[in-house]
Amino acid sequence: MKNLLLNLLALLIAVSLSGQAYEVEDFEMTVSGTSTLHDWTSDITKINAETSIDWENGKVGNIRNLSVTVPVESIISTKGRIMDGKTWDALKKDQHPNITFKASAADVKWVDGNYLITANGKLTVAGQTKNVTLKANGKPVANGGLVFSGSYDINMPDYGMEPPTALMGSIKTGEKVTIEYSVRMQPSNGNAGLDR
């Protein structure tokens, strides 16, 4: 009987430490930049994201094992297929079809009814991996959900990418691009990916 109680206690502790699995329910994500002709924006139409969230006294205590994958071919420009091709070439889509971010843990602070999240992890773009720090705002929503929002700037040459050009080099894009996102996460039902 004593062994049974000890085993049950160990199981309960393991479950409580494992956290609640979360996945994407809805999202809006763009990548934007500048050029010598005009500013540009591309929509990200598919992501796969999952994480485990530990709750303490009704609030998020810790965010663990955060993983986000964006297929390069899901980046679709408002300027049409020619821009898509140039973007995909810059990101080396054929050799490196995904952009990924992975963080083992994130620091979470509760401030004025919202969460401030800082995640240190590895960002892989065009086959190059860098240690980065992403900051996001988190807002609780219905049914145990959370909306994470924020932005992050990427300098293309840092990842071995050459900014796209057009018209024999007369039009050049800027080196910096900005990813903006708003991602709604809900307790997992086994489908971490979402298309727009």
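Small disclaimer: the values here were computed from a predicted structure and weren't measured.

Undergrad: Help me get a handle on the overall build of the protein chain, residues and values and all.
TA: Along the protein chain, the regular secondary structure elements total 2 helices and 13 strands. The burial tally for the protein chain puts 38% of its 196 residues in the buried class. Of the contacts formed within the protein chain by residues at least 6 apart in sequence, a portion of 63% connects residues at least 24 apart. Taken as a whole, the protein chain presents about 11,300 Å² of accessible surface, with 53% of it coming from carbon and sulfur.

Undergrad: Quick one: what's the story with the side chain of Ser-42, residue by residue and with numbers?
TA: In this fold, Ser-42 is placed in strand β2 (residues 40–44). Look past the residues within four positions of Ser-42 in its chain and what remains in contact with it is Met-29, Thr-30, Val-31, Ile-75, Ile-76 and Ser-77.

Undergrad: Could you give me a rundown of helix α2 (residues 81–90), with the residues and numbers involved?
TA: Three or more residues of α2 are buried, namely Met-83, Asp-84, Thr-87, Trp-88 and Ala-90. Along the axis of α2, the buried residues cluster in a sector spanning 160°; they form a single face. In α2, the exposed positions that point more than 90 degrees away from the buried face belong to Arg-81, Ile-82 and Asp-89. Where α2 is buried, its residues meet β2 and β5 (75–77). Following α2 by one or two positions, Lys-92 adopts a phi angle in the positive range, close to 55°.

Undergrad: Please set out the pattern of salt bridges residue by residue, giving values where relevant.
TA: In the structure shown here, the tally under the stated rule is 6 salt bridges. The shortest N-O distance in the salt bridge between Lys-93 and Asp-94 comes to 3.4 Å. Relative accessible area serves as the criterion here: at 22%, Lys-93 is assigned to the partly exposed category. Assessed through its relative accessible area of 69%, Asp-94 is described here as exposed. Lys-176 is paired through a salt bridge with Asp-153; the nearest N and O atoms lie 3.8 Å apart. Of this pair, Lys-176 sits in strand β12 (residues 176–187) while Asp-153 is found in strand β9 (residues 145–155), placing the two residues 23 residues apart along the sequence. Judged by relative accessible area, which is 48%, Lys-176 ranks as partly exposed. Judged by its relative accessible area of 39%, Asp-153 falls in the partly exposed class.

Undergrad: With reference to specific residues and values, describe the pairing of β2.
TA: Burial along β2 is one-sided: the residues Trp-40, Ser-42 and Ile-44 are buried and none of Thr-41 and Asp-43 is. Relative to β2, strand β1 (residues 20–33) runs antiparallel, the two being bridged by 4 bridges. Counterpart to Thr-30 in the pairing with β2 is Asp-43. When β2 meets β5, the two strands line up antiparallel, connected through 3 bridges. Across the sheet, residue Ser-42 finds its bridge partner in β5, namely Ser-77.

Undergrad: Describe the confidence of the model for the protein chain, with residues and values.
TA: In the predicted model, the protein chain carries a mean pLDDT of 84, and the fraction of residues at 70 or more is 83%. Averaged pLDDT values for the elements of the protein chain fall to 42 in helix α1 (residues 2–18) and rise to 96 in strand β7 (residues 114–125). Below a pLDDT of 50 lies the segment residues 2–17, which in the model reaches 2 contacts outside its immediate sequence neighbourhood of four places, other chains included.

Undergrad: Explain the nonpolar core to me, using residue names and the numbers behind them.
TA: With 44 residues, the main nonpolar core has Met-29 and Val-125 as its most contacted residues. Once you skip the residues sitting within four places of it in the chain, Val-125 turns out to touch Leu-91, Ile-99, Ile-154, Tyr-159 and Met-161.

Cut-offs and rules
Residues numbered from 1 in each chain as written. Predicted model: local features only at pLDDT ≥ 70, side-chain atom pairs only at ≥ 80, totals over all residues. Heavy atoms only, no water. Helix = DSSP H or I, 4+ residues; strand = E, 2+ residues; numbered from the N terminus. Buried < 20%, exposed > 50% of the residue type's maximum accessible area, 1.4 Å probe, protein only. Contact = heavy atoms within 4.5 Å. Areas by Shrake-Rupley, 256 points an atom, 1.4 Å probe, with all protein chains shown as cover. Arc of directions from axis to C-beta. Salt bridge = Lys/Arg side-chain N within 4 Å of Asp/Glu carboxyl O. Pairing = 2+ DSSP bridges. pLDDT = per-residue confidence, 0-100. Core = buried A, V, L, I, M, F, W, Y, C linked by side-chain atoms within 4.5 Å.

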